[in-house]
Amino acid sequence: MEKQRLRELLEQLHEELEKTETVDQSTGEVLTDLKQDISRLVQDEISIEDEQEGLTERLNDVVGHFEEDHPKLSMVIQHVLDSLARMGF
């Protein structure tokens, strides 16, 4: 059940990332990598277990960047992090 919820959150996060336009270059590069990783996870190209450490690290890195300008994106990222934590990642 938790994996399905995480997959749904990842899909929601991917949609929000696609809508995000106003970011600096370094944050934009992180977002591009994050979007690619999430896309591969959602499409089952890689497993969550194999990618969780890097994904968790990248999510933690970007969550603060969006709190003010993109609160919905920040909230979705935090939900993904919470779900990963509940799964033991």
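This text gives an overview of the structure that appears in the document. As the structure is a computational prediction, the values presented were derived from the model and not from experiment. (Residues numbered from 1 in each chain as written. Predicted model: local features only at pLDDT ≥ 70, side-chain atom pairs only at ≥ 80, totals over all residues. Heavy atoms only, no water.)

The number of helices and strands found in the protein chain is 4 helices and 0 strands. Along the protein chain, from the amino end to the carboxyl end, the secondary structure elements read α-α-α-α. The C-alpha radius of gyration of the protein chain comes to 12 Å, within 12% of the 12 Å expected for a compact globule of 89 residues. Per-residue burial over the protein chain gives 39% buried out of 89 residues. Long-range pairs, those at least 24 residues apart, make up 65% of the contacts in the protein chain between residues at least 6 apart in sequence. (Helix = DSSP H or I, 4+ residues; strand = E, 2+ residues; numbered from the N terminus. Rg over C-alpha atoms; globule rule 2.2 N^0.38 Å. Buried < 20%, exposed > 50% of the residue type's maximum accessible area, 1.4 Å probe, protein only. Contact = heavy atoms within 4.5 Å.)

A full pass over the atoms with the stated rule returns 3 salt bridges. Residues Glu-16 and Lys-19 are paired through a salt bridge, measuring 3.5 Å at the closest nitrogen-oxygen approach. A residue pair is termed a helical-turn pair when its members lie 3 or 4 positions apart in one helix, as Glu-16 and Lys-19 do in helix H1 (residues 2-19) at 3 residues. According to the relative accessible area criterion, Glu-16 is buried, its value standing at 11%. (Salt bridge = Lys/Arg side-chain N within 4 Å of Asp/Glu carboxyl O.)

Here H1 spans 26 Å end to end across 18 residues, near enough to the 26 Å set by a 1.5 Å rise per residue. Within H1, the full set of buried residues consists of Leu-6, Arg-7, Leu-9, Leu-10, Leu-13, Glu-16 and Leu-17. (Expected span 1.5 Å × (residues − 1).)

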